[in-house]
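Letter by letter, the chains look like this.
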Amino acid sequence: EEETQIRLAFLSHCPKEPPQGRGAWMHVYLGEEEEKIEGGYVSRRFDGDDILDDVLNWLGGCYGTELLEKLKSREWCLCDLNRYPILPLDVEKHRKNTLQYLGLFPSGKLGVRLSDDSWRSGDMDDHGLGDVAGSARGLGAASRSMLH
């Protein structure tokens with residue numbers, strides 16, 4: 001029952017879901033897509049001016065504190081699956097950024113994955129991020145190099 005109260009508290013911090021025909025879908029997959037984890041997919045609509053913290057609160061409401069703690073500790077990472085190559089999104093750095101700024105609007109497809117050692121340790125050079133420029137996904141979105 002305590003976990004239920006915690007999840008409800010997370011959901012109380014989420015913005016109201018836009019009505020049908022407004023906002024854009026955010027899809028989140030746990031694990032690699034081919035794993036097909038039972039219960040490992042959720043989706044809902046968000047507005048472009050909603051922030052990453054809103055998505056994290058929603059995920060906390062769906063999956064509980066363990067997911068958020070593992071993202072914060074970098075044991076797991078949150079990845080934008082619409083970009084290639086797929087790279088982790090720094091959830092602490094971008095908590096207050098809008099979904100549009102992060103390129104997750106008008107469509108967001110995120111994955112929660114086990115972090116590799118270089119992401120976990122904070123050694124971002126191992127990801128070749130110095131070479132990542134990439135274009136922005138949508139009007140008002142930051143370039144890839146700004147997001148890591």
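Residues numbered from 1 in each chain as written. Predicted model: local features only at pLDDT ≥ 70, side-chain atom pairs only at ≥ 80, totals over all residues. Heavy atoms only, no water.

Draft legend 1. Looking closely at the nonpolar core. Core analysis: the largest hydrophobic core is formed by 24 residues, its most contacted members being Met 26, Val 55 and Trp 58. Looking at this core element by element, the count peaks at 6 residues for helix α2 (residues 52-63). Excluding anything up to four places from it in sequence, Val 55 contacts Met 26, Phe 46, Leu 99 and Leu 110. (Core = buried A, V, L, I, M, F, W, Y, C linked by side-chain atoms within 4.5 Å. Buried < 20%, exposed > 50% of the residue type's maximum accessible area, 1.4 Å probe, protein only. Helix = DSSP H or I, 4+ residues; strand = E, 2+ residues; numbered from the N terminus. Contact = heavy atoms within 4.5 Å.)

Draft legend 2. Seen up close, the pairing of strand β5 (residues 108-114). The buried fraction of β5 is high, at 5 of 7 residues. Pairing geometry for strand β1 (residues 24-30) and β5, over 5 bridges, is parallel. Paired with Tyr 29 across the two strands is Gly 111, which belongs to β5. Both strand β3 (residues 76-80) and β5 contribute to a ladder of 5 bridges, which runs antiparallel. (Pairing = 2+ DSSP bridges.)

Draft legend 3. Spatial organisation of the packing of aromatic side chains. Summed over all chains, the structure comprises 2 aromatic pairs. Taking 4.9 Å as the distance between ring centres and 40° as the angle between the ring planes, the aromatic pair formed by Tyr 29 and Tyr 41 counts as tilted. Of this pair, Tyr 29 sits in strand β1 while Tyr 41 sits in strand β2 (residues 41-46), and the two are 12 residues apart along the sequence. Take Tyr 29: its relative accessible area is 23%, and that puts it in the partly exposed class. Geometrically, the ring pair formed by Phe 46 and Trp 58 is edge-to-face, given 5.5 Å between the ring centres and 70° between the ring planes. You can see Phe 46 sitting in strand β2 and its partner Trp 58 sitting in helix α2, a full 12 residues away along the chain. Residues Phe 46 and Trp 58 agree in their burial class; the two are buried. The side chain of Arg 44 reaches across the aromatic face of Phe 46, ending 4.1 Å from its centre. Across the ring face of Trp 119, the terminal group of Arg 74 is positioned such that the distance to the ring centre comes to 3.7 Å. (Phe/Tyr/Trp six-rings, centres within 6.5 Å; stacked < 30°, edge-to-face > 60°. Lys NZ or Arg CZ within 6 Å of the ring centre and 35° of its normal.)

Draft legend 4. Region of interest: the environment of Arg 74. Secondary-structure assignment places Arg 74 in the loop between α3 (65-72) and β3. Owing to a relative accessible area of 16%, Arg 74 belongs among the buried residues under this scheme. Taking the C-alpha atoms as reference, Arg 74 lies 9.4 Å from Asp 117; in sequence the two are 43 residues apart. Setting aside chain neighbours within four positions, we find Arg 74 in contact with Asp 90, Ser 115, Trp 119, Arg 120 and Gly 122. Engagement of the side chain of Arg 74 in a polar contact is seen with the backbone oxygen of Trp 119, the distance being 3.0 Å. (Polar contact = N/O pair within 3.5 Å; in protein donor to acceptor, adjacent residues only side chain to side chain.)

Interpretation note: all reported values are geometric properties and have no functional meaning in isolation.
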